[in-house]
Amino acid sequence: MRRAWPFVIIALVALVTVGIATAVYRVKTAPVPMTAATPKPAPVSRTASPAAAESASAETASSEPTTAPTAAAEEKEDASLHVRGPADAPVTLEIYGDFQCPSCATTSKAISALEKEYEGRVRVIFHEFPLAMHAHAAEAAMAAEAAGLQGHFWEMHDMLYQYQSIWSKFSDPGRLFAAYADSIGLDPVRFRLDARSSAIKARVMADGEAGAARGVKNTPTLFLNGREARNTFTQEQIKEAIDRVLAEAKKS
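Every chain is numbered on its own, with residues counted from 1 as its sequence reads. Only residues with pLDDT of at least 70 are given local features in this predicted model, and only at 80 or more are side-chain atom pairs given and counted; all residues enter the totals for whole chains, interfaces and linings. Each side-chain value is derived from all of the structure's non-hydrogen atoms; neither hydrogens nor water enter the calculation.

Caption draft 1: Representation of helix α7 (residues 174–183) within the structure. Three exposure classes are used, based on accessible area relative to the maximum for each residue type with a 1.4 Å probe and protein chains only: buried under 20%, partly exposed in between, and exposed over 50%. The helix count covers DSSP runs of H or I at least four residues long, the strand count covers runs of E at least two residues long, and both are numbered beginning at the N terminus. When we look at burial in α7, the residues that qualify are Leu176, Phe177, Tyr180 and Ala181. Buried residues of α7, viewed axially, fall in a sector of 145°; they line one side. α7 presents Arg175, Asp182 and Ser183 as exposed residues on the side facing more than 90 degrees away from its buried surface. Here, residues are in contact when the closest pair of their heavy atoms is within 4.5 Å. On the buried face of α7, the contacting elements are α4 (137–149), α5 (153–162), α6 (164–167) and α8 (188–195). The directions from the helix axis to the C-beta atoms are what the arc is built from.

Okay, here's the thing in structure tokens:
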């Protein structure tokens, strides 16, 4: 038995050595746990849509510092506005008009002439403000808005003022409005439906309510760069008001 002890001891040492070597190997080859400092990116499927891929990328980059929004990200102007002239014009002239108002027709003609004289420097925005005292003003406004849905608001705007003395005397001017629409190349069926729609009526009413909130009571009412231009109706008066605003812009 004593002769066998050396062999038993050698066998035990061999087993212990193998056990230690195995344990060390397992420790060295075990995966390193992810820490908060090194977040694991979310997997993105190769078959996912571009929007999904962008969303997953955005989640991964949420902790990255963001830059300030650029000018392109600024709120865009209301697409339903009726505008003529460049957005960067130093003078913005807003007019609240009634298509059956004789003074509005005169003022509109004056503004059209001044748009040519101050080309590039004046931007014109038209707002609907049909007065209850004019029997066909609301119907005319709806006709202009219906033309606007087909991209021809200003053509109808000009025709309504040009022929105001004619259609305003008709008991049913809708037939004339349809003829005007046809003359400027509108889809006649769509125009007739739009000109009577509740959506167009709501738009005209909303424009009038917005004007009333700004203090508008009569037509025409003009605003130059957001300030009401009182007692300014003739071409000479409007021209003087525009020149004052341009002079103020140069000083600032």
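Caption draft 2: Geometry of unusual backbone geometry. Residues Thr219 and Pro220 are joined by a peptide bond in cis, for which omega reads -5°. Examined against the element boundaries, Pro220 turns out to sit in the loop between α9 (198–213) and β4 (221–224). At Asn225, a position not held by glycine, the phi torsion is positive, near 50°. Structurally, Asn225 can be placed in the loop between β4 and β5 (227–229).

Caption draft 3: Up close: the pattern of salt bridges. We count a salt bridge whenever a side-chain nitrogen from Lys or Arg sits within 4 Å of a carboxyl oxygen from Asp or Glu. Under the criterion given, the structure shown has nine salt bridges. Two residues, Arg230 and Glu228, come together in a salt bridge whose shortest N-O distance is 3.7 Å. Through salt bridges that share partners, Arg84, Glu115 and Asp158 make up one connected network.

Caption draft 4: Main features of the packing of aromatic side chains. Between the rings of Phe, Tyr and Trp (Trp by its six-membered ring), a pair exists once the centres lie within 6.5 Å; its type follows the angle of the planes, with under 30 degrees stacked, over 60 edge-to-face, and the other angles tilted. Inspection of every chain in the model, using the stated rule, returns nine aromatic pairs. Seen in terms of ring centroids, Tyr96 and Phe223 are 5.9 Å apart; in terms of plane orientation they differ by 70°. Their pairing is edge-to-face. Of this pair, Tyr96 sits in strand β2 (residues 91–97) while Phe223 sits in strand β4, and the two are 127 residues apart along the sequence. Summarising the burial analysis for this pair, Tyr96 and Phe223 share the class buried. Between Phe177 and Tyr180, the ring centres sit 6.4 Å apart and the planes meet at 50°, which makes this aromatic pair tilted. Remark: Tyr180 and Phe177 occur in helix α7; sequence separation between them is three residues, near one turn of the helix. Among the aromatic residues, those joined into a ring-pair cluster are Phe99, Phe126, Phe153, Trp154 and Tyr161. The side chain of Arg214 reaches across the aromatic face of Phe223, ending 4.0 Å from its centre. Think of it as a cone above the ring: NZ of Lys or CZ of Arg counts as a charge over the ring if it is within 6 Å of the ring centre and within 35 degrees of the ring normal.

Caption draft 5: Quick look at the environment of Asp194. By the secondary structure assignment, Asp194 is in helix α8. Judged by relative accessible area, Asp194 falls into the buried class, the value being 15%. Along the primary structure Asp194 and Met142 are separated by 52 residues, whereas in three dimensions their C-alpha atoms are 8.1 Å apart. Here Asp194 is in contact with Ala146, Leu149 and Ile200, once residues within four sequence places are set aside.

Caption draft 6: View of the side chain of Gln150. Within the element layout of this structure, Gln150 appears in the loop between α4 and α5. Those residues within four positions of Gln150 in sequence are excluded, and the remaining contacts are Leu186, Asp187, Arg190 and Phe191.

Caption draft 7: How the structure looks around the nonpolar core. Only buried residues count toward a nonpolar core, which is a set of Ala, Val, Leu, Ile, Met, Phe, Trp, Tyr and Cys residues joined through side-chain atoms within 4.5 Å. Of all hydrophobic cores here, the largest spans 46 residues; its most connected members are Leu93, Phe99, Met156, Leu160, Phe191 and Ile242. Top contributing element to this core by residue count: α4, with seven residues. If near-sequence neighbours (up to four positions away) are discounted, Leu93 is found in contact with Ile111, Val122, Arg123, Val124, Ile125, Leu222, Phe223, Leu224, Ile238 and Ile242. Ranked by size, the runner-up nonpolar core spans five residues in total, among them Tyr96, Phe129, Leu131 and Val216.

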